[in-house]
Amino acid sequence: MAIQILRSFLCIACLCSTGVGFAQSPQWGAGAGATYQTPYPPSQGYAPSGYAQFQGPPPGLMPTNYEQPLPGSREAIANGMFLPDQQVFPTDVGNQDRALDKYFRRIFDRTWIRIEALHWDIDNPHRNTLGADPIIDVTGNPTDPTVLQPVFDSTGTLIGEGFTPILPDFSFNDNNGIRGTFGREDSWGSFQLSFMGLEESSESANFNEFLLAPESYITTTLDINGALSNAAVLFDEYYGVSYQTSLFAANSEFRVNMGQWPSGIVLQYIAGANFTQLHDNMRINGGYSNQGTEVLLESEIQSDIKNNMFGPVIGLNLEAEAPYGFSFGVTPKAILSINQIRYNVTTRDLTAIGDSVKHKENDYELSPILNLSVYAKKTINEHLSVYASWDVSWLTRVAQASNSIDYNDNTNTPQTDLGINKTLNGFRTGGITVGGEILLY
C-alpha cells in the first residue's frame, strides 16, 4: 500500500513540473517586450526568405550571461560564427608588429650598401738622387754624383771609385683595394658615407753587384752647412733601398636634387666632408767594413711621411636612366683639403755606432684634391644592382718620402745631422672599380 501511494505521488509531481516548465519564459529570452522570428522547422525543406538555420538558440536570444567565443576558436566555428579575413585581421603578423623591426624600418628605410673591389694604379715614387745632388769635384766645380767618381779618404788619398744611386724605377700599378658605401635615399636626394683603402704597395732593390768589384763604393753624398761639398758616407759591403706607399680615405656626402629635369635624368649638388691619408715610407740600408779590414758597421736612413688631408667636398652628380635597367652617371668633385704633413726622418749608426738622429715635425699646407668618377649601374631586381666605375683622383701639394730628406751635415752638431726637406709634389691614383649594391629596406 505504501509503495502504491509513493508511486502515485511521483506521477503527480512529474505532471506538475511539466506544466510549470511550459508556463515559464524561455531562459534565453530577449527581455520584456522583445519579438523575434520562430525558427523554420527543418523537416519542411528550405527556409523561406528572412529565416536562417542554426544550432542552439536563435540570434538575439542568448543568455544574459553569455560570452561570445573568440573568433576562429573551435566553439566559434561550431556555431557558424564569422572567421576574420586574413587580409583584414592577419592571424600571423610575423615581424611587422615587433618594436625592434619597426625601429629598424624607420631608421633604414630606403637604405642600401655597396661593396666594391678596386684595381687602381698609383703614381710611382719620384726618382730622386739618394744623396746631395750636385756635389763638387776635386777642382771645386759642380758635378753629377750619380756617375762614377773617384773616392778619397780623409787624408786625400785615392782609395777607389763610387757613385750615388738614383731611386730605382719602382712600379706601383695594379693595386687591389676595397670600398664600402652606405647610402639612404630621401625625397630631397640622398646621403652617402664611404670608406676605401688600397693595399700597401712596396718595392725594393739593391746595388750589391757593383760592390763585388774591388775598391768600389756606394756613396750617400752630403752638403756641409747647406753648401755644396765633396763629403759622402761610404758603403762597401751591401746597399739596398725599399719603398712603401698606402692610401686610405673616408667620405661623407649629401646629394641634393637640383631643379626639374626630363624623366630619367637627375642632377644633384654634392656637399660633404672628406679625409684622405697618403703614407709614404723609404728605408736605405747599407754596410761598411773599409774593404773588409774593420768590424761591419750597419747603417740605416729612413723617411716616413704621412699626409693627413681633411676638408669640405663640393661637386655635381649627373645620372641618366637607360633601357634594360641600366643607368649611367658622371661625378666631378673638388675637395678643399688642409694637409697636416707629419715628417719623420731618422738615421741610425750612420758613420759610427751612436751616430743617430731623429727629426719629427708637423706642417700644414693647402692641398686641394680633384676627383672624377664615371659609372654604370645595372638593376637586377628590386633589391640587387651591379655597379662598375672608372675613378681618378689628383692630390696636389703632398710630401713624399723620396724627396723629404735633406742630405746635409751641420758641423755644429756631434752627429751627421740629416734633416727634413719640405718639397711638395702632385700625386695621382685611379682605376677600375666593380661591385654590387643591396637595398636593405
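Conventions we followed
Residues numbered from 1 in each chain as written. Predicted model: local features only at pLDDT ≥ 70, side-chain atom pairs only at ≥ 80, totals over all residues. Heavy atoms only, no water. Helix = DSSP H or I, 4+ residues; strand = E, 2+ residues; numbered from the N terminus. Buried < 20%, exposed > 50% of the residue type's maximum accessible area, 1.4 Å probe, protein only. Contact = heavy atoms within 4.5 Å. Core = buried A, V, L, I, M, F, W, Y, C linked by side-chain atoms within 4.5 Å. 1 Å grid on protein atoms, 1.4 Å probe; cavity = no way out; pocket = protein on both sides within 12 Å on 5 of 7 lines; lining within 4 Å. Points joined across faces, edges and corners; volume = space filled by probe spheres on them. pLDDT = per-residue confidence, 0-100. Phe/Tyr/Trp six-rings, centres within 6.5 Å; stacked < 30°, edge-to-face > 60°. Lys NZ or Arg CZ within 6 Å of the ring centre and 35° of its normal. Pairing = 2+ DSSP bridges. Salt bridge = Lys/Arg side-chain N within 4 Å of Asp/Glu carboxyl O.

### With respect to the overall build of the protein chain
So, point 1. Of the regular secondary structure elements, the protein chain holds three helices and 21 strands.
So, point 2. Classification of the 441 residues of the protein chain by burial places 35% in the buried group.
So, point 3. Contacts spanning at least 24 positions in sequence make up 71% of the contacts within the protein chain whose residues lie at least 6 apart.

### A few points about the nonpolar core
So, point 1. Leu-130, Val-241, Met-282, Ile-284 and Tyr-407 are the most contacted members of the largest nonpolar core, which totals 45 residues.
So, point 2. With five residues, the top contributor of residues to this core is strand β10 (residues 238–257).

### A closer look at the layout of surface pockets
So, point 1. Reported here for the second largest pocket is a volume of approximately 710 Å³.
So, point 2. Lining of the second largest pocket is provided by 31 residues; of these, Phe-152, Asn-230, Ala-231, Ala-232 and Leu-234 occupy positions nearest its centre.
So, point 3. Those elements that place two or more of their residues in the lining of the second largest pocket are β2 (135–136), β4 (149–152), β5 (158–163), β8 (216–224), β9 (227–235) and β12 (297–321).
So, point 4. Top contributing element to the lining of the second largest pocket by residue count: β9, with five residues.

### Re the confidence of the model for the protein chain
So, point 1. Per-residue confidence for the protein chain gives a mean pLDDT of 84, with 76% of residues at or over 70.
So, point 2. Low confidence marks residues 13–40, where pLDDT is under 50. Its contacts with residues over four positions away, or in another chain, come to 20 contacts.
So, point 3. Every residue in residues 42–52 is under pLDDT 50, and counting partners more than four places away or in other chains gives 10 contacts.

### What about the packing of aromatic side chains?
So, point 1. Applying the stated criterion across every chain, the model contains nine aromatic pairs.
So, point 2. Note on Trp-188 and Phe-254: the rings are 6.2 Å apart at their centroids and 40 degrees apart in plane angle, and the pair reads as tilted. You can see Trp-188 sitting in the loop between β6 (175–186) and β7 (189–206) and its partner Phe-254 sitting in strand β10, a full 66 residues away along the chain.
So, point 3. Accessibility expressed as a relative area gives 34% for Trp-188, which makes it partly exposed.
So, point 4. Measuring from centroid to centroid gives 6.2 Å for Phe-326 and Phe-328, while their planes differ by 10 degrees, and the two rings are stacked.
So, point 5. Residue Phe-326 is classed as partly exposed on the basis of its relative accessible area, which comes to 34%.
So, point 6. Note on Phe-328: relative accessible area 43%, which makes it partly exposed.
So, point 7. An aromatic cluster of three or more residues is present, and its members are Phe-163, Phe-207, Phe-210, Phe-235 and Tyr-239.
So, point 8. Directly above the ring of Tyr-387 sits Arg-114, whose terminal nitrogen or CZ lies 4.0 Å from the centroid.
So, point 9. For the cation-ring pair, Lys-378 lies above Phe-326, with the distance from its terminal atom to the ring centre recorded as 5.6 Å.

### Quick notes on the environment of Phe-275
So, point 1. The topology assignment puts Phe-275 in strand β11 (residues 265–288).
So, point 2. Under the relative-accessibility criterion, Phe-275 is labelled partly exposed at 28%.
So, point 3. Residues Phe-275 and Ala-250 lie 25 residues apart in sequence; the distance between their C-alpha atoms is 5.2 Å.
So, point 4. When neighbours within four sequence positions are excluded, Phe-275 is seen to be in contact with Phe-248, Ala-249, Ala-250, Asn-308, Met-309 and Phe-310.

### Quick word on the pairing of β4
So, point 1. Here β4 pairs with β5 via four bridges, running antiparallel. Bridged to Pro-150 within β5 is Glu-161.
So, point 2. What sits between the antiparallel neighbours β4 and β5 is a turn of five residues, in which Gly-156 has the positive phi angle 90 degrees.

### Quick look at unusual backbone geometry
In most cases, non-glycine residues show a negative phi, while peptide bonds are predominantly trans.
So, point 1. Between Asp-133 and the following residue, Pro-134, the backbone shows a cis peptide bond with an omega angle of 5 degrees.
So, point 2. We note that Glu-215 has phi near 55 degrees; this positive angle belongs to a residue other than glycine.
So, point 3. Mapped onto the elements, Glu-215 comes out in the loop between β7 and β8.
So, point 4. The backbone phi angle of Asn-225 is positive, close to 50 degrees, even though this residue is not glycine.
So, point 5. By secondary structure assignment, the location of Asn-225 is in the loop between β8 and β9.
So, point 6. Note on Asn-225: relative accessible area 45%, which makes it partly exposed.

### Things to note about the pattern of salt bridges
So, point 1. As enumerated under the stated definition, the model contains 14 salt bridges in all.
So, point 2. Here Glu-361 ties to Lys-422 by a salt bridge, and the two come within 2.4 Å at their closest N and O atoms. Remark: Lys-422 occurs in the loop between β20 (419–420) and β21 (425–439) and Glu-361 occurs in strand β15 (residues 357–366); sequence separation between them is 61 residues.
So, point 3. By relative accessible area, Lys-422 is classed as partly exposed at 39%.
So, point 4. In this structure, the salt-bridge partner of Asp-363 is Lys-422, at a minimum N-O distance of 3.9 Å. Taken together, the residues span a long stretch of sequence, with Asp-363 in strand β15 and Lys-422 in the loop between β20 and β21 at a distance of 59 residues.
So, point 5. The class of Asp-363 is buried, set by a relative accessible area of 18%.
So, point 6. Connected through salt bridges with shared partners, the residues Arg-110, Arg-184 and Asp-186 form a single ionic network.

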